[in-house]
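Secondary and tertiary structure notes
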Amino acid sequence: MAVHEANQTYQQSTLPVVRSTISNIDIERSQTTEKAKEKDEFDYSQRAQWLRAAVLGANDGLVSTASLMMGVGAVKEDVKVMILTGFAGLIAGACSMAIGEFVSVYSQLDIELAQIKRENNARTTDVDLISDEENNVNEKENLPNPFQAAGASAIAFAVGAMVPLLAAAFIKEHKVRLGVVAGAVSLALLVFGWLGAVLGKAPLLRSCFRVLVGGWIAMAITFGLTKLIGSSGL
């Protein structure tokens, strides 16, 4: 009986501790889950700026360079002319994308910094000033980076533009070269659409279809109009 009573007393004394430990574990798990969710949301929100610049840059490089090459290929069969046109489009487009993205993001940065300054001037108490300093550090870390956006745009444009250049570089037959360029560009459009959808958590089929059809339309219009103008003798 004494042993039984001692066991009951021990169990009663340890039960609150066990319950408290389990409760603490559940709270820690809940906090860990919430932090993980917040981290995922933060990652995607921070990823938006460079993802937009990179995906748009790659698509622009691919479509614009391929369209230029297809347009020239509609009236000229010389492979050198086609490659030179594509290379000039690569350099000009990469510079244009970088400068345009830099100016755009820098304007956005100026607006956000001005807004932070106005909010700080609206608070005058010491408590508010201390809180503002802490908030400013966090806000400035989340501000867009013009140099990062410009670099991502230029590099992505060049990567996209290299696809039709490489596809056309080793094909001597004119019609075969045009077909290879169109096929390589179509495959790359699907890859870029898929990549953008995966990184941005967007619908895969819709993203790939939109990018692919848009590229086809751009190449078809450029090829058709250039062919029309070339055949008219202008």
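In this text the structure is predicted, and so the values were computed from the model without any measurement. (Residues numbered from 1 in each chain as written. Predicted model: local features only at pLDDT ≥ 70, side-chain atom pairs only at ≥ 80, totals over all residues. Heavy atoms only, no water.)

In this section: the overall build of the protein chain. Looking only at helices and strands, one finds 6 helices and 0 strands in the protein chain. Along the protein chain, helices and strands appear, N-terminal first, in the series α-α-α-α-α-α. Every one of the 234 residues in the protein chain was classed for burial, and the buried ones make up 28%. The contacts of the protein chain with a sequence gap of at least 6 include a subset with a gap of at least 24, amounting to 76%. Accessible area for the protein chain stands at about 15100 Å²; split by element, carbon and sulfur atoms hold 65% of it. (Helix = DSSP H or I, 4+ residues; strand = E, 2+ residues; numbered from the N terminus. Buried < 20%, exposed > 50% of the residue type's maximum accessible area, 1.4 Å probe, protein only. Contact = heavy atoms within 4.5 Å. Areas by Shrake-Rupley, 256 points an atom, 1.4 Å probe, with all protein chains shown as cover.)

With that settled, the discussion passes to the packing of aromatic side chains. For the structure on display, the rule yields 2 aromatic pairs. Between F102 and F147, the aromatic rings sit 5.1 Å apart at their centres with planes inclined by 65°, giving edge-to-face as the arrangement. Here F102 is found in helix α2 (residues 79–121), whereas its partner F147 is found in helix α4 (residues 146–169), with 45 residues between them in sequence. Among the residues examined, F102 registers a relative accessible area of 25% and is labelled partly exposed. Relative accessible area serves as the criterion here: at 60%, F147 is assigned to the exposed category. Site record: aromatic cluster; members linked through ring pairs are F102, Y106 and F147. (Phe/Tyr/Trp six-rings, centres within 6.5 Å; stacked < 30°, edge-to-face > 60°.)

Here the focus is the UniProt feature "transmembrane region" (unreviewed entry) in the protein chain. Sequence positions flagged by UniProt for "transmembrane region" (unreviewed entry) are, in local numbering, residues 79–99, 149–171, 178–199 and 211–230. The span residues 149–171 is 91% helix and 0% strand, and its two end C-alpha atoms sit 35 Å from each other. Taken end to end, residues 178–199 has its terminal C-alpha atoms 31 Å apart, with 100% of it in helix and 0% in strand. (UniProt positions renumbered as here; feature names shortened; annotations may be inferred.)

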